[in-house]
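Structural characterization, general
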Amino acid sequence: MATFLYKVGRLAFRRRHYVALLWIALLTLAGVGAASAPTAGASSFSVPGTEAQKAFDLLEQRFPGMSADGATARVVFKAPAGEKLDTGANKATVEKTVKDLGDGSEVVSVADPFKGKAVSKDGTIAYASVKYKVSGMELKDASKDALTETADQARKAGLTVEVGGDALTATPETGSTEIIGIAIAAVVLVITFGSLLAAGFPLLTALIGVGIGVSTITALASALDLGTTTSTLAMMIGLAVGIDYALFIVSRYRGELAEGREREEAAGRAVGTAGSAVVFAGLTVVIALVGLAVVNIPMLTKMGVAAAGTVAIAVLIALTMIPALLGYAGKKIKPAGQKSKLLGGGRAKAAEKSARPNMGTRWASFVVRRPLAVLLLGVIGLGAAAIPAASLELGLPDDGSQPTSTTQRRAYDLLSEGFGPGFNGPLMVVVDAKDSKTPKADVTTVTDKIKALKDVTTVTPANFNKDGDTATITVVPDSKPSSVTTEDLVHGIRDAGAQVKTDTDSSVLVTGTTAMNIDVSQKLNDALIPYLILVVGLAFLLLIVVFRSILVPLKAALGFLLSVMAALGAVVAVFQWGWLSGLMGVEETGPVMSMMPIFMVGVVFGLAMDYEVFLVTRIREAHVHGEKPSQSIVTGFRHSARVVTAAAVIMIAVFSGFISSSESMIKMIGFGLAIAVFFDAFVVRMAIVPAVLALLGKRAWWLPKWLNRILPNVDVEGEGLRGLDSKDSDPDEDRELVRA
């Protein structure tokens, strides 16, 4: 591995014009594809195997004209203070609005609130339900504009009018802090390298990689049903790992220069050593992201695969374009320990300061002297941070979690005010009586059983299809959609349906957004353990190959579990309990997004292994070259602690930039990943890892002899490069590599 990548690095350094043109061409091609592709909206959502999805599919078959997947809008009206909607000018305004709403070419139906009993008891709030032929992502801009313009006309007449539903699904906005995050990353890079040019390379290559990845996702979004969230998450992860991977290679290059090597040779060795770590770190991230497919939720699978593709691009760019750019820079990139003159390089004090032990050396020496105290402090601290995770409640975001500045949130609040909190999460009960001899009697039995349950506000009369073998019943709970009471009601209806199935030949299924959310949460909970076993197991095997040790990969996995539990605790404290919610821009506390635990496990595990590989590889490299265990820890930290710290700060800054997103899911993921990287990099990898290695000593690198014989030697430490110099490679070898 190291020898092959060494040749790749030297070839890219020498043939830099071709490498640069190749990546620019790919960026241009992806950009053209994205510009010419049709616009895609929110991804369609399905959860195969759940009862809610089975009911939805049944409705598609038995109610073909129902457009079960069509977009919906609820136009909510509120009368001025002291007035009612069902009298005079107010009633005329509502009726005119309903008529105008039905004029669109994509509109299936509009329910008049006065005919459909959609007026609150006090007569001050009413709503008109609009049903469209196509889904929210397929709805034309003209239909959306007509909806908002009609609402505006009603507002001008003096009514309060808000629009809820998925017909006005908007593209998430990330806000200005995303740019601030990148700016912080730039500052950290300048401080780390002491050079504006060297600092610019990781940013440039990361932006090119993300540009290619996100543009490709945009180009394929309509064809593959990829939503806007998919590209946002790919951008978030691609930026973070892209900067980090390039950072490690540039840092190693400067270290090789400091040892007196020629620039081309230094580029080759940097890619051969740090590049090997980049490959395996990238593999762990890709495994974790692609492994999300085991959950069997298509949207989550697409998000994982798209983000994994962006990570793969980041790895390839770091291995090829970074050495090419280093070739262009020439002598402008200084060896490690030297700064550019613009940033104070060449001064006597600076040279004297660089000769003293750096912070990484001093910190590692401290940990090696007191490993047990550091280990206990780190574990207890993370354990305390993880305590809120015991109160974790899961759910999926709805209009109630939107900012109060949005019309969807205001419509949600008006409906709760006028019709009760459960009105925003109605349950649809589907009775399949195709095999029954008495379908109407069976449906009546189901209706009576539902009315007898607690926490039920309204049960609408059954609506049969044309064949009379399937009926839908709408049930309005007494509590809000995300409450435990509503979840208990869903289970209660399903239990009653199971009894009906036993007594008759009819099947009862519960669906609707609320029921779907409950099923998704359950499916994700059930998949978490298999996912952990798959991802951690594969990465564990990969790390055994990399480190040729059993205990080091085991320690890496246990440390990851500590950091992810602490991060989940922080997420619960902020988004569920409301701690620091004002600072984070969380306007509405509630259950944590159902996908959050499993998504954090996947992404954080991959990113945690990045730091594990980069840090421990350098420690193992020193150990392999003959240093004692305690000294190898200090040597590893001397060379890599500063860079790993910079990489962690950059990743935290990039993830934090997404906390200002208007999309609650993106906001939560941004915060969760940022705090997880903080815990993992600064507590686990910088404190617990060296403490455990110091306590284990030589036993840390123990590997059974039989396993040592059968494992492939990937040579991440670059042992095969010892004694190699520039004359060991020639143009013929380069041409051979190109053909390969």
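Below is a summary of the structure that appears in this document. All values reported here derive from a predicted model rather than from experimental measurement.

Comments concerning the sheet that holds strand S3 (residues 125-132)
In space, the four strands of this open sheet follow the order S2-S3-S1-S4, with antiparallel pairing throughout. Strands with a single pairing partner mark the edges of an open sheet, and in this sheet they are strand S2 (107-110) and strand S4 (160-164). Sheet twist, expressed as the average angle between the axes of neighbouring strands with direction ignored, equals 20°. In terms of strand pairing, S2 meets S3 through three bridges, oriented antiparallel. Opposite valine 107, over in S3, you have tyrosine 132 as the bridge partner. Running at roughly 110° to S4, helix H14 (residues 407-419) makes contact with strand S1 (72-78), S3 and S4 of the sheet.

Focus on a nonpolar patch on the surface
A contiguous nonpolar surface patch, about 320 Å² in accessible area, is contributed by Val294, Leu534, Leu538 and Leu541. If you trace the backbone, leucine 534 turns up in helix H17 (residues 513-547). Residue class for leucine 534 comes out partly exposed when judged on its relative accessible area of 33%.

Brief notes about helix H1 (residues 2-14)
Compared with an ideal rise of 1.5 Å per residue, which puts 13 residues at 18 Å, H1 spans 18 Å between its outermost C-alpha atoms and is within 8% of the ideal. Where H1 is concerned, the buried positions are Ala2, Leu5, Tyr6, Val8, Gly9, Arg10, Leu11, Ala12 and Phe13.

Some remarks on the environment of valine 188
Here valine 188 shows up in helix H6 (residues 177-193). Between the C-alpha atoms of valine 188 and threonine 645, which are 457 residues apart in sequence, the distance is 9.7 Å. Those residues in contact with valine 188 that lie beyond four places of it in its chain are Ala646, Val649 and Ile650.

Focus on helix H15 (residues 439-451)
With 13 residues, H15 extends 19 Å from end C-alpha to end C-alpha; this agrees with the ideal 18 Å at 1.5 Å per step. Listed in full, the buried residues belonging to H15 are Asp442, Val443, Val446, Thr447 and Ile450. Taken end-on, H15 shows its buried residues confined to a sector of 140°, consistent with a single buried face.

A word on the nonpolar core
Taken as a class, soluble globular proteins show a tendency for nonpolar side chains to be buried jointly. Ranked by internal contacts, the top residues of the largest apolar core, which has 170 residues, are Tyr245, Leu300 and Phe560. One finds Ala73, Val107, Ala128 and Leu139 within the second-largest nonpolar core, a separate group that totals 23 residues.

As for the pairing of strand S6 (residues 427-432)
The buried count for S6 comes to five of six residues, which makes it a mostly enclosed element. Here S6 pairs with strand S9 (residues 470-477) via six bridges, running antiparallel. By the bridge assignment, valine 431 is partnered in S9 with alanine 471. Of the strand pairs in this sheet, S6 and strand S10 (residues 507-511) are connected by five bridges, and their pairing is antiparallel. Looking across to S10, one finds that methionine 428 is bridged to threonine 511.

Points about the packing of H1 against helix H9 (residues 263-290)
Put simply, H1 and H9 touch, their axes get as near as 7 Å, and they point 130° apart. With respect to H9, the element H1 is oriented oblique. Pair H1 / H9 crosses with right-handed handedness. Across from Ala2, Leu5, Tyr6, Gly9, Arg10, Phe13 and Arg14 in H1, the residues of H9 making contact are Arg263, Glu264, Glu265, Ala267, Gly268, Arg269, Val271, Gly272, Gly275, Ser276 and Val279. Tallied by class, residues from the contact of H1 with H9 come to seven nonpolar, five polar and six charged.

Concerning the side chain of threonine 511
If you trace the backbone, threonine 511 turns up in strand S10. Discounting residues that sit within four places of it in the chain, threonine 511 has contacts with Ala52, Ala55, Phe56, Leu59, Leu427, Met428 and Val430.

Structural notes on a negative patch on the surface
Taken together, the side chains of Asp455, Asp478, Glu487 and Asp488 present a region of like negative charge at the surface. In this fold, aspartate 488 is placed in helix H16 (residues 484-503).

Considerations on unusual backbone geometry
The phi angle at aspartate 455 is positive, at roughly 65°, despite the residue not being glycine. Mapping aspartate 455 onto the fold places it in the loop between H15 and strand S7 (456-459). The exposure class of aspartate 455 is partly exposed, given its relative accessible area of 32%. Its identity as a non-glycine residue notwithstanding, arginine 548 has a phi of 50°, on the positive side. Mapped onto the elements of the fold, arginine 548 is located in the loop between H17 and helix H18 (551-576).

A short note on the pairing of S3
Both faces of the sheet carry side chains from a regular strand, because those side chains alternate between them. For S3, a buried count of seven out of eight residues is recorded, marking the element as mostly surrounded by other parts of the structure. Sheet topology places S1 next to S3; seven bridges connect them, and they run antiparallel. The residue bridging lysine 78 from the neighbouring strand is isoleucine 125, located in S3.

A look at the packing of helix H20 (residues 596-624) against helix H22 (residues 664-696)
As a packed pair, H20 and H22 sit with axes 9 Å apart at the nearest point and diverge in direction by 35°. The chirality of how H20 crosses H22 is right-handed.

A word on the packing of aromatic side chains
Scanning the model with the defined rule gives eight aromatic pairs in all. Ring geometry for tyrosine 127 against phenylalanine 419: centres 5.4 Å apart, planes inclined by 85°, an arrangement best described as edge-to-face. On the criterion of sequence distance, the pair formed by tyrosine 127 in strand S3 and phenylalanine 419 in helix H14 is long-range, its members being 292 residues apart. Comparing tyrosine 127 with phenylalanine 419 shows no difference in burial state: the two are buried. Pairing tryptophan 577 with tryptophan 579 gives two aromatic rings, centres 5.3 Å apart and planes at 65°, and the pair type is edge-to-face. Three or more aromatic residues joined by ring pairs make a cluster, and in this case those are Tyr127, Phe419 and Phe423. The ring of tyrosine 127 carries the charged tip of arginine 74 above its face, separated from the ring centre by 5.3 Å.

Calculation criteria
- Each residue is numbered by its place in its chain's sequence as written, counting from 1.
- This being a predicted model, a pLDDT of at least 70 is required before a residue's local features are given, and a value of 80 or more before pairs of side-chain atoms are given or counted; all residues contribute to the totals for chains, interfaces and linings.
- Side-chain numbers come from the whole structure's heavy atoms, not from hydrogens or water.
- Think of it this way: DSSP has to see at least two bridges between two strands before they count as a pair.
- A helix here means a DSSP run of H or I that spans at least four residues, while a strand means a run of E at least two residues long, and both kinds are numbered starting from the N terminus.
- Axis lines are fitted through C-alpha atoms, for helices just across the contact stretch, and the angle between N-to-C directions can take any value from 0 to 180 degrees.
- The contact rule is simple, with two residues in contact once any of their heavy atoms fall within 4.5 Å.
- Note that patches include only residues with greater than 30% relative accessible area and no salt bridge, and the join distances are 9 Å for like charges and 5 Å for nonpolar side chains (Val, Leu, Ile, Met, Phe, Trp, Tyr).
- Under the convention used here, a 1.4 Å probe and the Shrake-Rupley method define accessible areas, while residue burial counts only the protein chains that appear.
- For this document, the term salt bridge refers to a Lys or Arg side-chain nitrogen within 4 Å of an Asp or Glu carboxyl oxygen.
- Exposed residues in this analysis have more than 50% of their type's maximum accessible area, buried residues have under 20%, and partly exposed residues fall in between, with area computed by a 1.4 Å probe over protein chains only.
- A helix is expected to span 1.5 Å for every residue after the first.
- The arc in question is the one spanned by the directions pointing from the helix axis to the C-beta atoms.
- In this description, a nonpolar core means a group of buried Ala, Val, Leu, Ile, Met, Phe, Trp, Tyr and Cys residues linked to one another through side-chain atoms lying within 4.5 Å.
- Here the word oblique covers every angle except those under 35 degrees (roughly parallel), over 145 (roughly antiparallel) and from 65 to 115 (roughly perpendicular).
- By convention the crossing between two helices is left-handed if the near helix lies anticlockwise of the far one by an angle smaller than a right angle, and right-handed if it lies clockwise.
- Only Asp, Glu, Lys and Arg are considered charged in this grouping, and only Ala, Val, Leu, Ile, Met, Phe, Trp, Tyr, Cys and Pro are considered nonpolar; every other residue, Gly among them, is considered polar.
- Two residue types count as positive, namely Lys and Arg, and two as negative, namely Asp and Glu; His and chain ends fall outside the count.
- Where a charge lies is defined by one atom per residue type: Lys uses NZ, Arg uses CZ, Asp uses CG and Glu uses CD.
- Two rings belonging to Phe, Tyr or Trp (six-membered ring only in the last case) form a pair when the distance between their centres is within 6.5 Å. Interplanar angles under 30 degrees mark stacking, angles over 60 mark edge-to-face geometry, and anything in between is tilted.
- Here, over-ring charges are defined by two tests on the NZ atom of lysine or the CZ atom of arginine: distance to the ring centre within 6 Å, and angle to the ring normal within 35 degrees.

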